[in-house]
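# Secondary and tertiary structure notes
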Amino acid sequence: MVLELTKITKNFGGISALTDVSFKIEQGQIFGLIGPNGAGKTTMFNIITNMFLPTSGEISFLGENISGIKPHKITEKGICRTFQNIRLFSQMSVLENVLVGGHCRSKSGVLHSVFRTKKQCNEENEMHAKSLELLELVGLADYRDTIAENLSYGQQRRLEIARALASNPKLLLLDEPAAGMNESETDDLFDLIKKVQKRGVTVLLIEHDMPFVMKLCDRIAVLNFGKKLAEGTPEEIQNNQAVIEAYLGSEEEDQIA
Amino acid sequence: MLGEILNPYYLQVAAFIMINIILAISIYITLSSGQLSLGSAGFMGIGAYTSALLTIHFELPIIVGILAGAVVAGIIGILIGIPALRLQGVYLAIATLGFGEVVRIIFVNWESVTRGSIGLSGIPHMGRELLRFFKDIGFDPDMIGLKNNQFIYLLVLLILVLINIILIWFFTRQNKSRIGRAFAAIKMDEKAAEAMGLNITYYKVLSFAQGAVLAGFAGALYAHVLAYISPADFAYHRAIEILIFSVFGGSEVILGAVFGATFLTLLPEALRFISEYRYMIYGAILVLMMAFRPQGIIDASVLNWFKKNLKSKRGTNHGTRINKNN
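Residues numbered from 1 in each chain as written. Chains lettered and ligands numbered in written order. Predicted model: local features only at pLDDT ≥ 70, side-chain atom pairs only at ≥ 80, totals over all residues.

## Structural notes on the overall build of chain B
Check the secondary structure of chain B and you find 15 helices and two strands. Relative to its length of 326 residues, chain B is compact, with a C-alpha radius of gyration of 21 Å against a globular reference of 20 Å. Within chain B, buried positions represent 44% of all 326 residues. Long-range contacts, defined as pairs at least 24 residues apart, comprise 80% of the intrachain contacts of chain B with a sequence gap of at least 6. (Helix = DSSP H or I, 4+ residues; strand = E, 2+ residues; numbered from the N terminus. Rg over C-alpha atoms; globule rule 2.2 N^0.38 Å. Buried ≥ 20, exposed ≤ 12 C-beta atoms within 10 Å, placed from the backbone. Contact = placed C-beta atoms within 7 Å.)

## Here we look at the overall build of chain A
For chain A, the count of helices and strands is 11 helices and 10 strands. Compactness check: chain A gives a C-alpha radius of gyration of 19 Å against a globular reference of 18 Å for 257 residues, within 12% of the reference. With the C-alpha coordinates of chain A rotated into their principal frame, the extents come out at 70 × 40 × 30 Å. Put simply, chain A has 257 residues, and 43% of those count as buried. Long-range pairs, those at least 24 residues apart, make up 67% of the contacts in chain A with a sequence separation of at least 6.

## Some remarks on helix α5 (residues 89–109) of chain B
Residues and elements named next belong to chain B. Here α5 contains 21 residues, and its C-alpha end-to-end distance of 31 Å stays within 8% of the 30 Å for a straight helix at 1.5 Å per residue. Within α5, burial applies to L92, T96, F99, G100, V103, R104 and F107. Seen end-on, α5 carries its buried residues on one side only, within an arc spanning 135 degrees. Exposed residues on α5 whose side chains face more than 90 degrees from its buried face are V90, Y91, I105 and N109. Of the surrounding secondary structure, the elements contacted by the buried residues of α5 are α3 (40–57), α4 (62–84), α6 (111–114) and α12 (236–249). (Expected span 1.5 Å × (residues − 1). Arc of directions from axis to C-beta.)

## Re the interface of chain B and chain A
Chain B puts 22 residues into the contact, and the matching count from chain A is 28 residues. Secondary structure elements with two or more residues in the side of chain B that touches chain A: α8 (148–175), α9 (178–188) and α10 (190–195) of chain B. Counting residues per element, the side of chain B that touches chain A draws most heavily on α9 of chain B, at seven residues. The residue makeup of the side of chain B that touches chain A, split by class, is 10 nonpolar, five polar and seven charged. (Nonpolar A, V, L, I, M, F, W, Y, C, P; charged D, E, K, R; others polar.)

## Some points on the packing of α9 of chain B against helix α11 (residues 200–226) of chain B
All names here are of chain B. Following both chains from N to C, one finds α9 and α11 inclined at 105 degrees, their axes separated by 10 Å at the closest point. Between α9 and α11, the interaxial angle falls into the category roughly perpendicular. Across the interface between the two elements, A182, F183 and I186 of α9 pack against I200, Y203, K204 and S207 of α11. A class-by-class count of the residues in the contact of α9 with α11 yields five nonpolar, one polar and one charged. (Axes fitted to C-alpha atoms, helices over the stretch in contact; angles between N-to-C directions. Parallel < 35°, antiparallel > 145°, perpendicular 65-115°, else oblique.)

## Details of the sheet that holds strand β5 (residues 64–65) of chain A
Residues and elements named next belong to chain A. Reading across from one edge, β2-β1-β4-β5 is the order of the four strands in this open sheet, with antiparallel pairing throughout. Either end of the sheet is taken by a strand with one partner, and the two such strands are β2 (15–25) and β5. The pairing of strand β4 (residues 56–61) with β5 spans two bridges and is antiparallel. Opposite S60, over in β5, you have N65 as the bridge partner. Here helix α1 (residues 41–48) sits on the sheet and contacts β1 (3–12), β2 and β4; the angle it forms with β2, its principal contact strand, is near 65 degrees. (Pairing = 2+ DSSP bridges.)

## Some thoughts on the sheet that holds strand β3 (residues 30–34) of chain A
Residue and element names in this part refer to chain A. Judged by pairing direction, the sheet is mixed, and its six strands sit side by side in the order β6-β7-β8-β3-β9-β10 without closing on themselves. Both edges of this open sheet fall to β6 (79–81) and β10 (227–232), since each of them pairs with a single strand only. Neighbour-to-neighbour, the strand axes of this sheet turn through a mean angle of 20 degrees, independent of strand direction. Examined bridge by bridge, strand β9 (residues 219–224) and β10 share five bridges and lie antiparallel to one another. Across the sheet, residue V222 finds its bridge partner in β10, namely A230. Contacts from helix α10 (residues 241–248) reach β9 and β10, with the element oriented near 125 degrees to β10.

## What to know about helix α7 (residues 183–198) of chain A
Residue and element names in this part refer to chain A. Taking 1.5 Å as the rise per residue, α7 with 16 residues should run 22 Å; its terminal C-alpha atoms sit 23 Å apart, in good agreement. By the burial criterion, the buried members of α7 are L189, I193 and V196. Along the long axis of α7, the arc covered by the buried residues comes to 55 degrees, so they all point the same way. For α7, the exposed residues set more than 90 degrees away from the buried face come down to E183, S184, D191, K194, K195 and K198. As for α7, its buried residues are in contact with β3, α6 (153–165), β7 (171–175), β8 (202–206) and α8 (210–216). Positive backbone phi, approximately 90 degrees, marks G200, located one or two places after α7.

## Details of the domain arrangement of chain A
Reports often express the size of an interface as the amount of accessible area lost when the parts come together. Residues and elements named next belong to chain A. Parsing chain A into structural domains produces domain 1 (1–78 + 169–257) and domain 2 (91–167). Put simply, the middle of domain 1 and the middle of domain 2, counted by C-alpha atoms, are 27 Å apart. Taken together, the contact pairs 14 residues of domain 1 with 12 residues of domain 2. Only α2 (71–77), β7 and α7 provide two or more residues apiece to the side of domain 1 that touches domain 2. Of the residues forming the side of domain 1 that touches domain 2, the biggest block, five residues, is contributed by α7. When the residues that make up the side of domain 1 that touches domain 2 are grouped by side-chain class, the tally is seven nonpolar, three polar and four charged. (Domains from an automatic or database assignment.)

## Re the environment of V72 of chain B
Residue and element names in this part refer to chain B. Here V72 lies in helix α4. Exposure remark for V72: the 21 C-beta atoms within 10 Å place this residue in the buried category. Considered as a pair, V72 and A212 are 140 residues apart in the sequence and their alpha carbons are 9.2 Å apart. When near neighbours in sequence (up to four residues on either side) are disregarded, V72 contacts I46, T50 and G216.

## Some words on the environment of A148 of chain A
Residues and elements named next belong to chain A. Mapping A148 onto the fold places it in the loop between α5 (118–138) and α6. What makes A148 buried here is the crowd of 24 C-beta atoms within 10 Å. Between the alpha carbons of A148 and A178 there is a distance of 18 Å; along the sequence they are 30 residues apart.

## Digging into the pairing of β1 of chain A
All names here are of chain A. Summarising the sheet, β1 and β2 pair through seven bridges and their orientation is antiparallel. Considered in β2, the bridge of L3 is made with I25. Two successive antiparallel strands, β1 and β2, enclose a turn made up of two residues, where G13 displays a positive phi of approximately 60 degrees. Both β1 and β4 contribute to a ladder of five bridges, which runs antiparallel. Each bridged residue has a counterpart across the sheet, and for T6 the counterpart in β4 is E58.

## Examining the environment of S93 of chain A
Residues and elements named next belong to chain A. Looking at where S93 falls in the secondary structure, it is placed in the loop between β6 and α3 (94–101). Of the residues examined, S93 has 16 C-beta atoms within 10 Å and is grouped as partly exposed. With sequence-adjacent residues up to four places away left out, S93 is seen in contact with R144, D145, T146, I147 and A148.

Here it is as C-alpha cells:
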C-alpha cells in the first residue's frame, strides 16, 4: 500500500470541500481521481501534500502517518506533485528547474558549496547527470538552456513532471497533466506516464479528459460535491449509474428542466 | 612619484565605495530570496556600535571588534528574521524599516553607553593602528615615498578591496550552487519551491541573516574607517540609499550591486562642482532609470552579452562549434 486515505474531511468555514473520503493506492498503480469541477480533487492533492491540513481524517504513506508534517518533509518522504496552473520557476532555465527539483536529495551546505569540496562537486555532477536523463525522458533534452517561460504549454507541463521526478518520488501527483494539450501532445503524455510507471513510480492523477483517463488508469475514484461517488476499474466506472448521473445529469432532472 | 598620485581624498572616497559595495551586496543577498528588507541600516548600526564599543572600552583588537560586530548583527538578524519572514513584500519592508528605526532610537536614548545623538568618537582607526604596527616592525612609509596620511588610506583601501574580492567570490559561488538555486526558486514561486522539497523557512532566514551579517560587517568597517559614528549615520535614509544601490545597478546579479554602489557613490563626488544641484541630478537619474530600465543597469542579458563578446574576441568560437539548440 503506497497511499491510504482514511475518512478525509476538509471544511473551509461552513463549506465542506471534502467529506469522509477514503481510498487506497497500490504500489505501481496509475490511479485516477475524476469528478466534475469543484468536486474537491485539487483540495485532495493539497491535503496529501499538506499544503492544507485536513479537518479530520488520516493520511498514511507507505504505512507511516504523514498528517500534519511540513510540505517539504512530504517531498523528502517521496511524494511530489505538479500543479493545475503550471508553477515553474519561470525565469530559470529548463535544466535549473529540474535541478531545483533534486534539491531535497542533495545535502551540500553553504561552506561545501562555496569551497566546492569534492563531495559537493560529485553531488552536483550526479544531479546534473540525473537531471539531463530526466529531460531526455520527457523529451526536453534539446531545450536544457531555454528559459522555462519560453517553452510551449505542453513542454511546460512535461517540464513540471521532470522537475517533480527529480525529487525521486515514490508517488507522483499530477494535477490535470493533459489540460490544454492537443491530441498528439496528449499521446506523448500518455507514453510518458506509462514510462514513469515502469520506473516504479506510483501515479495519482486528476484529469478531465475521459478517454485519456479510461485508457491510462488502472483504478479510478470519482468525487462529486466532496464525497466519493464510486471507485473501481475504468470499466466499472464507465458503467456506474451514479457516475453517469453526476456527469450527464439524471433523466428525472432533465424532465424537470 | 606614487606619492603625487595618491590623494587622500580620492582614497577615502574609494574606501567608501568599497564599504557601500558590501552594503549593496548585503541587500542583494536578501533580495535574491525574494525578500525586501529595509533593515540594513539598523544592522549596519548594530555592527558599527558593537565594534566601536568593544574596541573603545575593552581595547580589543580592531579585527576582533569587526568580527564581533558582524556576528552580533547576524544573531539579531536571525532573531528578527524568524518572526518577520512570515511577512512578504511591502509588509516585510515596513516591518524591517520599523526595526531599523527602533535600533536608531535606542542608540539615541541609551546615552550611558552610546552617548546619545552626539555619537561615539575616538574609535580606533583601522589605518592608524596599522601604521603603528608597521612602524613597530621598523617600516616607515617614507621608505616608499609616501606620507603617513597617504599610506594609511592606501592601506585601508587595499584591505577593503581584498575583502570585497573575497565576498564577491563567496557569493558568486554560493549563487551557482544549490543554495543559490534555492534562493532563486523561493523568489520566483514560494509555494512551488516548498512543494519541491525546499525548507522555505531555513533558506529565508539564511539569506536574511547573511544580509544582516554583511550589513553589520560593513557597519563595523565604517566605524573604524571614519573613527566617528552617530545614530544619524544609520537612519532610514541610509537603508533607502543601500536599496537604491542594488536596484539601480541591477538586483538580479551581484555585479549589479557592485556597479550601483560604485556609480552612485561617485556621482555626488563627481558632481561636486555644481554643489547644491547635484542631488537634483542624482534624483533625476533615479527617476529616468526606473522609467526606462526598471531591472537596473546590469542584468543577466547584459552579462551574457559581455561573455559572448569577450569570448569571440579571444577566438574560442573558431573551428567546429556544436549548436545545442538546433
